[in-house]
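Listed below are the residues making up each chain.
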Amino acid sequence: MAIPGGSNVMTATDTPLQQPRIAWQTGRVQAIVAETSRVKSIILQPANWSGHWPGQHVDIRLTADDGYQAERSYSIASPPEEELLTLTVERVEDGEVSSYLLDELRVGDALEFRGPIGRHFIWSQTRGGPICLVAGGTGITPLMAMLRHRRRSLAPIPASLIYSARSLADVVYRDELDTMAHDDRDLRLVYTLTREHPSDWDGHRGRVNEALLAESSFTREQNPTFFICGPTGFVEGISSMLVKLGFDPLAVRTERFGPTGA
């Protein structure tokens, strides 16, 4: 998930995790996978990786020949069970970092990064469930790390995912998500398409609203934890609707991307 112009906005810290010392290191690109026409996943072999929690991110740093440097943050899409690190990058208009990563980077290249970063927006199977995940666009990236970890753990933890995308072609990890939902009766998967949809589309259309949240989430009595990731307006809107529906605000975790302030 690209954070154009800066890093993720973080809120709330209530985890007992100890923050490891974060130093810049080099990862070697093992593979580059086209997810959609605007999104690719970059698979790295870190030189020294101490592990991560689903929901964390890394900083990428590019250095030009003249010494100019640019940094951006990208969420980790791979589960902690994998040795390789997967970062999913969306093209940002006039984005100097995303343009390089999507157009210039090649298998075998070295990429400088540091992490993992972030302590509030994490989940592991030891925390139990149910969990309700709500993604807007490439906000699916850290949530995918959670779902992949959940699948690897083989724990029957109830989970739901509401994924809002412009079109079916813009759904990142679509085949993998469909397979997950088909094979797992404890996972609910709901797509809602905001701009384009196939002529035979019988799924949800338009933006996520209170009715869709109420229909597709677990009940208040089940005490679900929500993880919401996407553009700032999307995240704030979903959070407000959940509070109106009576869910505990302290059980709503958010991560947003977009330009940062000064």
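Thresholds applied
Residues numbered from 1 in each chain as written. Predicted model: local features only at pLDDT ≥ 70, side-chain atom pairs only at ≥ 80, totals over all residues. Heavy atoms only, no water. Helix = DSSP H or I, 4+ residues; strand = E, 2+ residues; numbered from the N terminus. Rg over C-alpha atoms; globule rule 2.2 N^0.38 Å. Buried < 20%, exposed > 50% of the residue type's maximum accessible area, 1.4 Å probe, protein only. Contact = heavy atoms within 4.5 Å. Areas by Shrake-Rupley, 256 points an atom, 1.4 Å probe, with all protein chains shown as cover. Lys, Arg positive; Asp, Glu negative; His and termini not counted. Charge placed at Lys NZ, Arg CZ, Asp CG, Glu CD. pLDDT = per-residue confidence, 0-100. Phe/Tyr/Trp six-rings, centres within 6.5 Å; stacked < 30°, edge-to-face > 60°. Lys NZ or Arg CZ within 6 Å of the ring centre and 35° of its normal. Pairing = 2+ DSSP bridges. Core = buried A, V, L, I, M, F, W, Y, C linked by side-chain atoms within 4.5 Å. Axes fitted to C-alpha atoms, helices over the stretch in contact; angles between N-to-C directions.

(A) Seen up close, the overall build of the chain. Helix and strand counts for the chain come out as five helices and twelve strands. Its C-alpha atoms give the chain a radius of gyration of 18 Å, within 12% of the compact-globule value 18 Å for 262 residues. Seen through its C-alpha atoms, the chain measures out along the principal axes to roughly 55 × 45 × 40 Å. Counting every position in the chain, which comprises 262 residues, the buried fraction comes to 49%. The contacts in the chain between residues at least 6 apart in sequence include a share of 73% that link residues at least 24 apart. Counting every atom, the chain has about 12,600 Å² of accessible surface; 47% of that belongs to carbon and sulfur. Computed over 26 positive and 33 negative side-chain charges, the inter-centroid distance for the chain is 3 Å.

(B) Local environment of the side chain of Ser160. Mapping Ser160 onto the fold places it in strand β8 (residues 159-165). Using a relative accessible area of 2% as the deciding quantity, one classes Ser160 as buried. Look past the residues within four positions of Ser160 in its chain and what remains in contact with it is Ile131, Cys132, Leu133, Leu187, Arg188, Ser216, Ser217 and Phe218.

(C) Layout of the confidence of the model for the chain. Summarising the model, the chain shows a mean pLDDT of 89, and 90% of its residues fall at 70 or more. Predicted confidence is poor over residues 1-17, with pLDDT under 50, and the contacts of this stretch with residues over four places away or in other chains come to 57 contacts.

(D) The arrangement of the packing of aromatic side chains in detail. Scanning the entire structure with this criterion turns up four aromatic pairs. Pairing Phe121 with Phe227 gives two aromatic rings, centres 5.5 Å apart and planes at 80°, and the pair type is edge-to-face. Highlighted residues: Phe121 in the loop between β6 (110-117) and β7 (131-136) and Phe227 in strand β11 (residues 225-231), separated in sequence by 106 residues. Of the two residues, Phe121 and Phe227, neither departs from the other in class, the shared state being buried. Its guanidinium or amino end placed over the ring of Trp24, Arg61 lies 4.0 Å from that ring's centre, counting from NZ or CZ. The ring of Tyr173 carries Arg148 above its face, with NZ or CZ at 4.9 Å from the centroid.

(E) A look at the pairing of β6. Pairing analysis gives four bridges linking strand β1 (residues 25-34) to β6, with the strands arranged antiparallel. Note on β6: the bridge partner recorded for Gln25 is Phe113. With four bridges joining them, strand β3 (residues 57-63) and β6 adopt antiparallel strand pairing. Following the sheet pairing, His57 is matched in β6 by Ile117.

(F) Up close: the nonpolar core. By size, the foremost hydrophobic cluster in this structure holds 30 residues, and its most contacted members are Leu143, Leu161 and Tyr163. Elements with a contribution of two residues or more to this core: β7, α2 (140-153), β8, α3 (174-183), β9 (187-193) and β11. When near neighbours in sequence (up to four residues on either side) are disregarded, Leu143 contacts Phe121, Leu133, Val134, Ala135, Leu161 and Phe227. By size, the runner-up hydrophobic cluster in this structure holds 19 residues, among which are Trp49, Val58, Leu62 and Leu111.

(G) Layout of the sheet that holds strand β4 (residues 69-75). One open sheet holds the six strands; their spatial order is β4-β3-β6-β1-β2-β5, and the pairing between them is antiparallel. Each edge of the open sheet is held by one strand with a lone partner, namely β4 and β5 (85-90). Strand after strand, the sheet turns through a mean of 40° between neighbouring axes, direction not considered. With respect to the sheet, helix α1 (residues 96-104) is in contact with β2 (39-46), β3, β4, β5 and β6, its orientation differing from that of β4 by roughly 75°.

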